[in-house]
Amino acid sequence: MMNLAESLSIALKKKSKKIPVLINVLLFFLLSFPGSVTADDTTGSAFRYERLNALVIVVVFSAAVLLYTRWARQGRPLFVRKIPGIDAVEEAVGRATEMGKAVLFIPGLQELDDIETIAAISILGRVARITAQYETPLLVPVRYPLVLAAGQEVVEQAYNELGKQDAYNKDIVRYVAGEQMAFTSAVNGLMMRERPAANIFMGAFFAESLLLAETGNAAGAIQIAGTARPEQLPFFIAACDYTLMGEELYAASSYLSKEPLMLGGLKGQDFIKIIIVLLILVGVILVSLDIGDWYYKLFEMA
Amino acid sequence: MRTTIPVIIAFLSGLVLAVSIFFRPEETVIGRIEPELLVWVTIIGGFTLFLGAVSITRVNYNAVRRLKKGWVYNLLTLVSVFVMALPSLLPASWSPLFGDAEGSIYDWLFQRLDKPMMATMFGMLAFYIASAAYRAFRARSAEATILLLTATVVMLWRVPMGEALLRSINPDFPDWINTYVMNGVNMAVQRGIIIGAALGAASMSLRIILGIERTYMGKQ
């Protein structure tokens, strides 16, 4: 009996003679499965049929993002609402330049395998371009060596692209401490001694969020924060001038780049949000009518 | 080349990991890839620790050499790094003071200095919350007033004496707070943010996998 991978391979070959190399690589992995996967045999199969609902969601989501990206590539105008927190980044760096003081950027306290840290590193690249342009001192304390390596690469690239190699210093991005509270006390000390004019906190933060933001506030800096962790948002909102909430953190790099291809991804995301809202409304109605059990089970993932 | 190879690695890693969650680890190679790659990440992370040590030494040494403002703290950091690290790197077979077992120099410093200092920093959070709350709860607008009232009621509900006070007003008062404020309004807003953030993370991951997003490599 033919397994799922073999069927997929034949179907793809019938559809197109030019299957990209990467799809073949994927098929190689699929074909290496010892178990036979068929639609009528869902138990003991290599494919986790109980996660089929998640696969459908992934496919629909990817299709929406790709469709909007394609439209963006074709030149369709895409409206993206203003995000004051991101617009304020340039203003904050400008203020630091006028005052002749530094900009402090913290890319969160998580490792580089966290998507929030990757988002923060993307924003760091943009901030570094602005500081390089105005020759404003930049301080980037980090908690993990991998983030140090990525941060140094991104900042150096920004300075090189603007022809400011002389202004670049390897110690702009510096490893401070691996312990959460040791990192916090070191950064708080840095804030009180160097008195940066602008503090930018982007990425994953935990209990230290308020310790950092309150110290920055006491030091008189303009503060912009962004995190996807709802439990830390109130602290940043209370102590910072601008706060990027949840998805805004991930949207920042696309928003700042203004590149239609990246903005297309944001629009695809918005489209999926509309679908989710509709699904929630349908769910509320069905559950209220006491006929929603089957609907609820559709979204359960094992 | 400097961009193409990382983009290919990101594409393959992202695709394989995304696909792997749909396959059983006990029956397929692809299903077992995720834990395997996580081990690779740990190994690479271990090597990069050397980068961190070099960075912390260079930054603090330069500050001490130039007698920058607060250079004493930099000197303390340098001394602490080496006093903590060196004895723990030496084999415990040489002396019970080496290594990181109980009774070693490392253990003594960790238990008697490091841990209490961490606890102190964490304890200070209470005072920071008080000062932030004072600013956030000032009733300057209608929204801030609602926030102030809600926060007062929730804070009262969270302490036994406050809960007793609320029960004296109405026995069901604490349950209403739990049902309508915490599991109602608060939960709805949190879920909204979580759904938005999850979609944002998924969208960004997709952009990285497809090579559309390259800003994390310094490309604009």
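Here the structure is a predicted model, which is why all the values come from computation and not from measurement.

**What about the packing of aromatic side chains?**
- Taken as a whole, this structure holds 12 aromatic pairs over all chains when the rule is applied.
- When the centroid spacing of 5.5 Å and the interplanar angle of 75° are considered together, the rings of Phe 47 of chain A and Phe 23 of chain B count as edge-to-face. A residue pair is termed interchain when its members come from two chains, as with Phe 47 of chain A in the loop between α2 (21-31) and α3 (52-73) and Phe 23 of chain B in the loop between α1 (4-20) and α2 (33-65). Considered together, Phe 47 of chain A and Phe 23 of chain B belong to a single accessibility category, that of buried residues.
- The interplanar angle of 90° and the centroid separation of 5.3 Å between the aromatic rings of Phe 205 of chain A and Phe 236 of chain A together place this pair among those described as edge-to-face. Remark: Phe 236 of chain A occurs in helix α9 (residues 233-239) and Phe 205 of chain A occurs in the loop between β4 (198-202) and α8 (208-218); sequence separation between them is 31 residues. Per residue, the accessibility class of Phe 205 of chain A equals that of Phe 236 of chain A, and both read buried.
- Seen from the ring of Trp 71 of chain A, Arg 76 of chain A lies directly overhead, with NZ or CZ sitting 4.2 Å from the centre.

**What about the environment of Lys 69 of chain B?**
All names here are of chain B.
- With respect to the secondary-structure elements, Lys 69 resides in the loop between α2 and α3 (71-89).
- On the accessibility criterion, Lys 69 (64% relative accessible area) is exposed.
- Put simply, Lys 69 and Leu 149 are 80 residues apart on the chain and 45 Å apart in space, counted from C-alpha to C-alpha.

**A closer look at the confidence of the model for chain A**
All names here are of chain A.
- Confidence along chain A averages 86 in pLDDT terms, with 85% of residues attaining 70 or more.
- The element-level mean pLDDT for chain A is lowest in α2, coming to 46, with strand β1 (residues 103-106) highest at 98.
- Of the regions scoring below 50 in pLDDT, residues 15-41 engages in 43 contacts with residues more than four places distant in sequence or in other chains.

**Some thoughts on the pairing of strand β5 (residues 222-227) of chain A**
All names here are of chain A.
- Where burial is concerned, most of β5 is hidden: six out of the six residues are buried.
- Burial along β5 is two-sided: Ile 222, Ile 224 and Gly 226 facing one way and Gln 223, Ala 225 and Thr 227 facing the other are all buried.
- As paired elements, β4 and β5 share five bridges and run parallel to each other. Across the sheet, Ala 198 pairs through a bridge with Ile 222, a residue of β5.
- For the handedness criterion, the β-α-β arrangement of β4, α8 and β5 is classed as right-handed.

**Quick notes on the sheet that holds strand β3 (residues 173-175) of chain A**
Residue and element names in this part refer to chain A.
- With parallel pairing, the six strands of this open sheet are ordered in space as β3-β2-β1-β4-β5-β6. The open sheet has two edge strands with one neighbour each: β3 and β6 (242-245). Neighbour-to-neighbour, the strand axes of the sheet open up by a mean angle of 15°, direction not taken into account.
- Here β5 runs beside β6; their pairing, made up of four bridges, is parallel.

**Quick look at helix α7 (residues 180-194) of chain A**
- For α7 of chain A, built from 15 residues, the straight-helix expectation of 21 Å at 1.5 Å per residue is met to within 8% by its first-to-last C-alpha distance of 21 Å.
- In this structure, the buried side of α7 of chain A is in contact with β1, β2 (138-142), β3, β4 and α8 of chain A together with α4 (105-136) of chain B.
- Count one or two residues on from α7 of chain A and you reach Arg 195 of chain A, which has phi positive near 50°.

**Regarding the domain arrangement of chain B**
- Taken domain by domain, chain B comprises domain 1 (1-86), domain 2 (90-136) and domain 3 (137-220).
- For domain 1 of chain B versus domain 2 of chain B, the distance between C-alpha centres works out to 23 Å.

**Topic: the packing of α8 of chain A against α4 of chain B**
- The N-to-C vectors of α8 of chain A and α4 of chain B enclose an angle of 55°; their axes lie 9 Å apart at closest approach. By the angle class used here, α8 of chain A and α4 of chain B are oblique. α4 of chain B is crossed by α8 of chain A, and the crossing has left-handed handedness. Across the interface between the two elements, Leu 210, Leu 211, Glu 214, Thr 215 and Asn 217 of chain A from α8 of chain A touch Met 121, Met 124, Leu 125, Tyr 128, Ile 129, Ser 131, Ala 132 and Arg 135 of chain B from α4 of chain B.
- Tallied by class, the residues present in the contact of α8 of chain A with α4 of chain B amount to eight nonpolar, three polar and two charged.

Reading guide: rules and limits
Position labels on residues start from 1 in each chain and follow its written sequence. The lettering of chains begins at A and the numbering of ligands begins at 1, in the order of writing. Only residues with pLDDT of at least 70 are given local features in this predicted model, and only at 80 or more are side-chain atom pairs given and counted; all residues enter the totals for whole chains, interfaces and linings. Each side-chain value is worked out from all heavy atoms of the structure, with water and hydrogens disregarded. Pairing of aromatic rings covers Phe, Tyr and Trp, the last counted by its six-membered ring, and requires centre-to-centre distances within 6.5 Å; plane angles under 30 degrees mean stacked, over 60 mean edge-to-face, and any other angle means tilted. Elements are defined by DSSP. Helices are runs of H or I of four residues or more, strands are runs of E of two residues or more, and each kind is numbered from the N terminus. With a 1.4 Å probe rolled over the protein chains alone, any residue whose accessible area is under 20% of its type maximum counts as buried; one over 50% counts as exposed, and the rest are partly exposed. Only when the NZ atom of a Lys or the CZ atom of an Arg is both within 6 Å of the ring centre and within 35 degrees of the ring normal do we say a charge sits over the ring. Each residue gets a pLDDT score, which is the predictor's confidence in that residue and runs from 0 to 100. By definition, residues are in contact when any of their heavy atoms lie within 4.5 Å. Note on pairing: two strands pair once DSSP finds at least 2 bridges between them. A crossover counts as right-handed when, viewed with the strands pointing away from the observer, the path leading from the first strand over the helix to the second turns clockwise. To define axes, lines are fitted to C-alpha atoms, for helices over the stretch in contact only, and angles between the resulting N-to-C directions are given on a 0 to 180 degree scale. An expected span of 1.5 Å times one less than the residue number is assigned to each helix. An automatic or database domain assignment is the source of the domain bounds shown. Oblique is the label for any angle not under 35 degrees, not over 145, and not in the 65 to 115 range, which are roughly parallel, roughly antiparallel and roughly perpendicular in turn. Helix crossings fall into two classes, left-handed where the near helix is turned counterclockwise from the far one by less than a right angle and right-handed where it is turned clockwise. Put simply, Ala, Val, Leu, Ile, Met, Phe, Trp, Tyr, Cys and Pro go in the nonpolar bin, Asp, Glu, Lys and Arg in the charged bin, and everything else, Gly too, in the polar bin.

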